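Each chain, written out:
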Amino acid sequence: MKLILLGAPGAGKGTVAKLLTKLDGSVQISTGDILRSAVAAGTQLGKQAEVAMKTGDLVSDELIMGIMEERLKEDDCKSGYLLDGFPRTIPQAKALKTLLDQIGEKLDAVVEIDVPKDVILDRLTTRRTCSKCGAIYNVKSNPTKIQDVCDKCGGAVAQRDDETEEAISNRLNVYNKQTAPLVDFYQAEGLLLSVDALSSDAVVDAIKAKIN
Ligand code: ADP
Ligand code: ZN
């Protein structure tokens, strides 16, 4: 399947994407993960993205489109993809539309994962992420077996740099201003599926029901 997962930081886009990859071999493409790897590796791209990421601002549309134009042409995308954290602005959504037209592809749906704000704040402050493989944990509901060590790869699990209170509040503002308008954009395109996210499994079920 070819989906966009839309939702505020902490809505569970990454968790839902990982569940969906197991269904049909679609690949998860997370621009946040791509950027964090680039920052960790100290590449040119990482250096350009680092400051904006730390404060919870968006990196430039040009940088993101450069990444995605390459990524969507890779072979593993043939079995479908779950776009997690992209597009995040109207210019990105328009550029994606042009790109998909060029390569002759169509999205199945744009899934808006709707989660109440208090749930989001609680999740973001208790979330922990593996710095090596990107696995997501939660100190309350899903802790690692050994403290701060990833169950899956043994990497270091920690709070992300942009999960300070200040950066979280900025990320939520940025979402409301720059990304929330995509809901109307994709509604007009006839692609929108809004799901009240009671759990990630419930979101997956709603997607299965819509796509099959
Ligand atoms: P979140 O949990 O906020 O959804 P992500 O892991 O998707 O976080 O993104 C982390 C950061 O990476 C963002 O705050 C932003 O700085 C940058 N980023 C990721 N995707 C994009 C994008 N499509 N456009 C601009 N910046 C992005
Ligand atoms: Zn790991």
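These numbers come from a predicted model, not from an experiment.

Thresholds, definitions, all that
- Residues numbered from 1 in each chain as written.
- Chains lettered and ligands numbered in written order.
- Predicted model: local features only at pLDDT ≥ 70, side-chain atom pairs only at ≥ 80, totals over all residues.
- Heavy atoms only, no water.
- Salt bridge = Lys/Arg side-chain N within 4 Å of Asp/Glu carboxyl O.
- Buried < 20%, exposed > 50% of the residue type's maximum accessible area, 1.4 Å probe, protein only.
- Helix = DSSP H or I, 4+ residues; strand = E, 2+ residues; numbered from the N terminus.
- Near = heavy atom within 4 Å.
- Polar contact = N/O pair within 3.5 Å; in protein donor to acceptor, adjacent residues only side chain to side chain.
- Areas by Shrake-Rupley, 256 points an atom, 1.4 Å probe, with all protein chains shown as cover.
- Donors = N, O, S within 2.8 Å, 3.2 Å for Na, K, Ca; no water.
- Tetrahedral: all angles 85-135°; square planar, octahedral: opposite > 155°, others 65-115°.

Points about the pattern of salt bridges
Item 1. What the rule picks out here adds up to 11 salt bridges.
Item 2. Between Arg-71 and Asp-76 there is a salt bridge; the shortest N-O distance is 2.8 Å.
Item 3. A relative accessible area of 15% places Arg-71 in the buried class.
Item 4. A salt bridge links Lys-97 to Glu-189; the shortest N-O distance between them is 3.1 Å. Of this pair, Lys-97 sits in helix α5 (residues 90-103) while Glu-189 sits in the loop between α8 (182-188) and β8 (192-196); the two residues are 92 residues apart in sequence, bridging distant segments of the chain.
Item 5. Under the relative-accessibility criterion, Glu-189 is labelled partly exposed at 35%.
Item 6. Here the residues in one salt-bridge network are Arg-127, Arg-160, Asp-162, Glu-163 and Arg-171, joined through shared partners.

Concerning the site of ligand 1
Item 1. Thr-31, Arg-36, Asp-57, Gln-92 and Arg-171 are the nearest of the 19 residues found near ligand 1.
Item 2. In the model, an oxygen atom of ligand 1 is placed 2.5 Å from a nitrogen or oxygen of the Asp-57 main chain.
Item 3. Contact distances for ligand 1 include 2.9 Å between an oxygen atom and a side-chain N or O atom of Arg-127.
Item 4. For ligand 1, the accessible surface in isolation is 550 Å², of which the surrounding protein chains cover 97%.

What about the coordination of the zinc ion (ligand 2)?
Item 1. Within the first shell, the zinc ion (ligand 2) binds the protein through Cys-130 (SG), Cys-133 (SG), Cys-150 (SG) and Cys-153 (SG), at distances of 2.3 to 2.4 Å.
Item 2. Viewed at the metal, the 4 donor atoms of the zinc ion (ligand 2) are separated by angles of 100 to 114°, and the geometry they form is tetrahedral.
Item 3. Look at where the donors of the zinc ion (ligand 2) fall in the sequence and you get C-x2-C-x16-C-x2-C.
Item 4. For Cys-150, a relative accessible area of 4% translates into the label buried.
Item 5. On the basis of relative accessible area, Cys-153 is assigned to the partly exposed category, the value being 29%.

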